[in-house]
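# Close look at the chain arrangement
Each chain, letter by letter, is given below.
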Amino acid sequence: AQTVTQSQPEMSVQEAETVTLSCTYDTSESDYYLFWYKQPPSRQMILVIRQEAYKQQNATENRFSVNFQKAAKSFSLKISDSQLGDAAMYFCAYRSKTGTASKLTFGTGTRLQVTL
Amino acid sequence: GAVVSQHPSWVICKSGTSVKIECRSLDFQATTMFWYRQFPKQSLMLMATSNEGSKATYEQGVEKDKFLINHASLTLSTLTVTSAHPEDSSFYICSASTGSRYEQYFGPGTRLTVT
(Lines give C-alpha, C1' and ligand atoms only; values in the text may rest on other atoms or scores of the structure.)
Protein backbone atom coordinates (compact mmCIF):
# COMPACT_ATOMS: atom_id res chain seq x y z
CA ALA A 1 0.00 0.00 0.00
CA GLN A 2 1.12 3.51 -0.70
CA THR A 3 1.87 5.95 2.08
CA VAL A 4 2.31 9.71 2.06
CA THR A 5 4.26 11.55 4.74
CA GLN A 6 4.25 15.24 5.53
CA SER A 7 6.76 15.90 8.28
CA GLN A 8 5.91 19.56 8.87
CA PRO A 9 2.70 19.96 10.89
CA GLU A 10 2.96 23.75 10.72
CA MET A 11 4.88 26.28 8.70
CA SER A 12 4.94 30.06 8.75
CA VAL A 13 5.94 32.50 6.05
CA GLN A 14 5.93 36.24 5.75
CA GLU A 15 3.86 37.84 3.06
CA ALA A 16 5.74 38.09 -0.25
CA GLU A 17 8.30 35.53 0.85
CA THR A 18 8.81 31.98 -0.40
CA VAL A 19 8.03 28.80 1.50
CA THR A 20 8.54 25.12 0.72
CA LEU A 21 6.32 22.36 2.04
CA SER A 22 7.75 18.85 2.14
CA CYS A 23 6.17 15.56 1.15
CA THR A 24 7.58 12.08 0.76
CA TYR A 25 5.78 8.98 -0.35
CA ASP A 26 6.31 5.29 -0.66
CA THR A 27 5.19 3.17 -3.59
CA SER A 28 6.30 0.26 -5.69
CA GLU A 29 4.60 1.62 -8.79
CA SER A 30 6.47 3.35 -11.57
CA ASP A 31 3.73 5.60 -12.87
CA TYR A 32 1.28 7.53 -10.74
CA TYR A 33 -0.05 10.99 -9.97
CA LEU A 34 0.93 13.30 -7.16
CA PHE A 35 -1.12 16.26 -6.02
CA TRP A 36 -1.08 19.17 -3.65
CA TYR A 37 -4.46 20.21 -2.30
CA LYS A 38 -5.27 23.32 -0.31
CA GLN A 39 -7.97 23.32 2.35
CA PRO A 40 -8.80 26.85 3.55
CA PRO A 41 -10.96 27.52 6.63
CA SER A 42 -14.06 26.91 4.50
CA ARG A 43 -12.80 23.30 4.28
CA GLN A 44 -13.40 23.14 0.53
CA MET A 45 -10.63 21.07 -1.01
CA ILE A 46 -8.90 22.93 -3.83
CA LEU A 47 -6.46 21.36 -6.25
CA VAL A 48 -3.25 23.39 -6.30
CA ILE A 49 -1.02 21.41 -8.60
CA ARG A 50 -0.53 17.92 -10.00
CA GLN A 51 2.42 15.95 -11.29
CA GLU A 52 2.53 12.82 -13.39
CA ALA A 53 5.37 10.57 -12.37
CA TYR A 54 6.54 9.79 -15.87
CA LYS A 55 7.03 13.48 -16.62
CA GLN A 56 10.46 14.63 -15.56
CA GLN A 57 9.60 18.31 -15.80
CA ASN A 58 8.40 19.82 -12.56
CA ALA A 59 4.85 21.16 -12.67
CA THR A 60 4.23 24.88 -12.25
CA GLU A 61 1.01 26.82 -11.72
CA ASN A 62 1.61 30.54 -11.39
CA ARG A 63 3.19 31.07 -7.92
CA PHE A 64 3.11 27.37 -7.12
CA SER A 65 5.75 24.92 -8.28
CA VAL A 66 6.92 21.49 -7.25
CA ASN A 67 10.26 19.81 -6.87
CA PHE A 68 9.63 16.23 -7.89
CA GLN A 69 12.44 13.83 -7.12
CA LYS A 70 11.22 10.44 -8.26
CA ALA A 71 14.18 8.39 -7.11
CA ALA A 72 14.01 9.95 -3.67
CA LYS A 73 10.19 9.74 -3.67
CA SER A 74 9.99 13.36 -2.72
CA PHE A 75 7.41 15.91 -3.86
CA SER A 76 7.77 19.35 -2.30
CA LEU A 77 5.61 22.40 -2.97
CA LYS A 78 7.14 25.85 -3.31
CA ILE A 79 4.92 28.87 -2.89
CA SER A 80 6.47 32.09 -4.14
CA ASP A 81 5.37 35.61 -3.28
CA SER A 82 3.17 34.28 -0.49
CA GLN A 83 -0.17 35.99 0.00
CA LEU A 84 -2.52 36.11 2.97
CA GLY A 85 -4.96 34.01 1.01
CA ASP A 86 -2.44 31.19 0.88
CA ALA A 87 -3.00 30.51 4.57
CA ALA A 88 -4.58 27.05 4.75
CA MET A 89 -3.97 23.39 5.32
CA TYR A 90 -2.00 21.81 2.51
CA PHE A 91 -2.29 18.12 1.77
CA CYS A 92 -0.01 16.07 -0.42
CA ALA A 93 -1.78 13.17 -2.12
CA TYR A 94 -0.92 10.11 -4.19
CA ARG A 95 -3.06 8.45 -6.79
CA SER A 96 -2.28 5.24 -8.58
CA LYS A 97 -2.80 5.06 -12.32
CA THR A 98 -4.15 1.54 -11.96
CA GLY A 99 -7.84 1.51 -12.74
CA THR A 100 -9.95 4.29 -14.13
CA ALA A 101 -10.59 6.15 -10.90
CA SER A 102 -8.25 5.10 -8.15
CA LYS A 103 -8.49 6.51 -4.69
CA LEU A 104 -6.35 9.30 -3.29
CA THR A 105 -4.03 8.67 -0.37
CA PHE A 106 -3.45 11.84 1.63
CA GLY A 107 -0.65 12.92 3.89
CA THR A 108 -1.35 14.31 7.34
CA GLY A 109 -1.21 17.90 6.15
CA THR A 110 0.80 21.04 6.82
CA ARG A 111 -0.85 24.13 8.24
CA LEU A 112 0.58 27.23 6.58
CA GLN A 113 0.38 30.58 8.31
CA VAL A 114 1.09 33.75 6.39
CA THR A 115 2.13 36.75 8.44
CA LEU A 116 2.37 40.43 7.57
CA GLY B 1 -17.48 23.34 -14.60
CA ALA B 2 -16.99 20.21 -12.46
CA VAL B 3 -19.05 21.32 -9.49
CA VAL B 4 -19.97 18.95 -6.69
CA SER B 5 -22.55 19.86 -4.09
CA GLN B 6 -23.39 18.33 -0.74
CA HIS B 7 -26.55 18.59 1.27
CA PRO B 8 -26.93 19.42 4.03
CA SER B 9 -23.89 21.48 4.86
CA TRP B 10 -24.48 20.99 8.58
CA VAL B 11 -26.76 18.59 10.38
CA ILE B 12 -27.42 17.97 14.05
CA CYS B 13 -29.13 14.75 15.02
CA LYS B 14 -29.88 12.86 18.20
CA SER B 15 -28.06 9.73 19.19
CA GLY B 16 -29.71 6.65 17.78
CA THR B 17 -31.24 8.32 14.75
CA SER B 18 -30.14 8.03 11.13
CA VAL B 19 -29.03 10.85 8.88
CA LYS B 20 -28.60 10.98 5.13
CA ILE B 21 -26.04 13.12 3.30
CA GLU B 22 -26.36 13.76 -0.43
CA CYS B 23 -23.55 14.31 -2.88
CA ARG B 24 -24.38 15.56 -6.36
CA SER B 25 -22.29 16.24 -9.43
CA LEU B 26 -23.99 19.25 -10.97
CA ASP B 27 -22.49 19.51 -14.42
CA PHE B 28 -20.91 16.17 -15.18
CA GLN B 29 -21.58 12.48 -14.85
CA ALA B 30 -19.70 10.87 -12.02
CA THR B 31 -19.00 7.22 -12.62
CA THR B 32 -17.20 7.01 -9.30
CA MET B 33 -17.77 8.83 -6.04
CA PHE B 34 -15.68 8.74 -2.92
CA TRP B 35 -16.66 9.42 0.67
CA TYR B 36 -14.13 10.77 3.15
CA ARG B 37 -14.25 11.51 6.83
CA GLN B 38 -12.18 14.25 8.42
CA PHE B 39 -11.75 14.78 12.13
CA PRO B 40 -10.67 18.21 13.40
CA LYS B 41 -7.12 19.10 12.44
CA GLN B 42 -6.64 15.75 10.76
CA SER B 43 -6.35 14.49 7.24
CA LEU B 44 -9.03 13.02 5.01
CA MET B 45 -9.62 9.34 5.51
CA LEU B 46 -11.29 7.46 2.70
CA MET B 47 -14.35 5.57 3.87
CA ALA B 48 -15.60 4.02 0.67
CA THR B 49 -15.62 4.14 -3.10
CA SER B 50 -18.85 3.78 -5.01
CA ASN B 51 -19.45 3.16 -8.67
CA GLU B 52 -22.78 3.95 -10.23
CA GLY B 53 -25.12 0.99 -10.10
CA SER B 54 -22.92 -1.26 -8.00
CA LYS B 55 -22.17 -1.84 -4.35
CA ALA B 56 -19.70 0.41 -2.61
CA THR B 57 -16.24 -0.78 -1.69
CA TYR B 58 -15.46 0.04 1.92
CA GLU B 59 -12.04 0.66 3.38
CA GLN B 60 -10.79 -1.60 6.09
CA GLY B 61 -12.25 -0.72 9.46
CA VAL B 62 -15.31 1.09 8.08
CA GLU B 63 -18.59 -0.50 9.14
CA LYS B 64 -20.63 -1.01 6.00
CA ASP B 65 -23.82 -1.58 7.95
CA LYS B 66 -23.39 1.70 9.76
CA PHE B 67 -22.36 3.84 6.81
CA LEU B 68 -24.69 2.95 3.97
CA ILE B 69 -23.65 4.26 0.60
CA ASN B 70 -25.87 4.34 -2.45
CA HIS B 71 -24.84 5.51 -5.91
CA ALA B 72 -28.05 5.06 -7.82
CA SER B 73 -27.38 7.52 -10.62
CA LEU B 74 -24.47 9.15 -12.37
CA THR B 75 -25.08 12.40 -10.52
CA LEU B 76 -26.09 11.34 -7.03
CA SER B 77 -24.55 9.38 -4.21
CA THR B 78 -25.85 9.24 -0.66
CA LEU B 79 -24.23 8.38 2.64
CA THR B 80 -26.56 7.31 5.43
CA VAL B 81 -25.19 7.16 8.93
CA THR B 82 -27.41 4.69 10.74
CA SER B 83 -27.99 4.71 14.49
CA ALA B 84 -25.64 7.64 14.85
CA HIS B 85 -23.63 8.10 18.03
CA PRO B 86 -21.59 11.06 19.27
CA GLU B 87 -18.38 9.42 18.03
CA ASP B 88 -19.78 9.64 14.49
CA SER B 89 -19.63 13.42 14.74
CA SER B 90 -17.23 14.51 12.06
CA PHE B 91 -16.84 16.33 8.76
CA TYR B 92 -17.86 14.21 5.79
CA ILE B 93 -16.59 15.07 2.33
CA CYS B 94 -17.52 13.51 -0.98
CA SER B 95 -15.66 13.68 -4.24
CA ALA B 96 -16.58 12.63 -7.73
CA SER B 97 -14.65 11.40 -10.71
CA THR B 98 -15.59 10.89 -14.31
CA GLY B 99 -13.34 7.87 -14.37
CA SER B 100 -11.43 8.97 -17.41
CA ARG B 101 -9.38 11.68 -15.77
CA TYR B 102 -6.94 11.86 -12.93
CA GLU B 103 -8.86 14.39 -10.95
CA GLN B 104 -11.41 14.09 -8.19
CA TYR B 105 -13.79 17.02 -7.71
CA PHE B 106 -14.61 17.68 -4.09
CA GLY B 107 -17.84 18.74 -2.48
CA PRO B 108 -17.88 21.42 0.22
CA GLY B 109 -18.40 18.90 3.01
CA THR B 110 -21.07 18.18 5.61
CA ARG B 111 -20.59 18.74 9.30
CA LEU B 112 -22.40 16.10 11.34
CA THR B 113 -22.99 16.66 15.03
CA VAL B 114 -24.61 13.86 17.03
CA THR B 115 -25.96 14.87 20.42
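Overview of the structure. All chains use their own residue numbering, which begins from 1 and follows the written sequence. Written order determines the labels here, with chains lettered from A and ligands numbered from 1. Local features in a predicted model are, by the rule used here, given only for residues with pLDDT of at least 70; side-chain atom pairs are given and counted only at 80 or more, and totals for whole chains, interfaces and linings are based on all residues. Side-chain numbers here rest on the full set of heavy atoms in the structure, without hydrogens or water.

What follows is about the state of the cysteines. Simply put, the disulfide is a covalent bond whose two ends are the sulfur atoms of two cysteines. Two cysteine sulfur atoms make up a disulfide if the distance between them is within 2.5 Å. Here the structure, examined in full by the defined rule, presents two disulfides over all chains. Paired by a disulfide, Cys23 of chain A and Cys92 of chain A hold their sulfur atoms 2.0 Å apart. Between Cys23 of chain A and Cys92 of chain A, the S-S dihedral sits near -70°, and the bridge is therefore left-handed. One end of the pair, Cys23 of chain A, is in the loop between β3 (19-21) and β4 (24-26); the other, Cys92 of chain A, is in strand β10 (residues 88-96), and 69 residues separate them in sequence. For the exposure calls, accessible area comes from a 1.4 Å probe over protein chains only, and a residue counts as buried if that area is under 20% of its type's maximum, exposed if over 50%, partly exposed in between. Using a relative accessible area of 2% as the deciding quantity, one classes Cys23 of chain A as buried. Taking the relative accessible area as the measure of exposure, Cys92 of chain A reaches 0% and is therefore buried. A sulfur-sulfur distance of 2.0 Å marks the disulfide that ties Cys23 of chain B to Cys94 of chain B. Negative torsions about the S-S bond denote left-handed disulfides, and the value of about 80° found for Cys23 of chain B with Cys94 of chain B makes this one right-handed. Within this pair, whereas Cys23 of chain B is found in strand β3 (residues 19-25), its partner Cys94 of chain B is found in strand β9 (residues 90-97), the two being separated by 71 residues in sequence. According to the relative accessible area criterion, Cys94 of chain B is buried, its value standing at 0%. Under the DSSP-based scheme used, a helix requires at least four consecutive residues in state H or I and a strand at least two consecutive residues in state E, with every element numbered from the N terminus.

A separate point is the interface of chain A and chain B. Contact between two residues is taken to exist if any of their heavy atoms lie within 4.5 Å; hydrogens are not considered. If you look at the interface, chain A gives 21 residues, while chain B gives 24 residues. Together, the buried faces of chain A and chain B total about 1800 Å²; carbon and sulfur atoms form 53% of this surface. Here, a salt bridge means any Lys or Arg side-chain nitrogen found within 4 Å of an Asp or Glu carboxyl oxygen. Connecting chain A to chain B are one salt bridge. In this structure, Lys103 of chain A and Glu59 of chain B form a salt bridge, with 2.8 Å as the shortest nitrogen-oxygen distance. Any pair of nitrogen or oxygen atoms within 3.5 Å is treated as a polar contact; in protein, a donor-acceptor pairing is required on top of that, and neighbouring residues in sequence qualify only through side-chain atoms on both sides. The interface formed by chain A and chain B includes five residue pairs in polar contact (both at pLDDT 80 or more). For the side of chain A that touches chain B, the secondary structure elements donating two or more residues are β5 (32-39), β6 (46-52), β10 and β11 (104-106) of chain A. With four residues, the single largest contributor to the side of chain A that touches chain B is β5 of chain A. Classifying every residue of the side of chain A that touches chain B by side-chain character gives nine nonpolar, seven polar and five charged. The quantity reported as buried area is the accessible area (1.4 Å probe) lost by two parts once they are put together, taken as the sum for both. Under the convention adopted here, Pro, Cys and the residues Ala, Val, Leu, Ile, Met, Phe, Trp and Tyr are nonpolar, Asp, Glu, Lys and Arg are charged, and Gly plus all remaining residues are polar.

Attention now moves to the pattern of salt bridges. Counted by the stated rule, this structure contains eight salt bridges over all chains. Ionic pairing is found between Arg24 of chain B and Glu22 of chain B, a salt bridge with its closest N-O pair at 3.5 Å. Three or more residues joined by partner-sharing salt bridges are found here, namely Asp31, Glu52, Lys55 and Lys97 of chain A.

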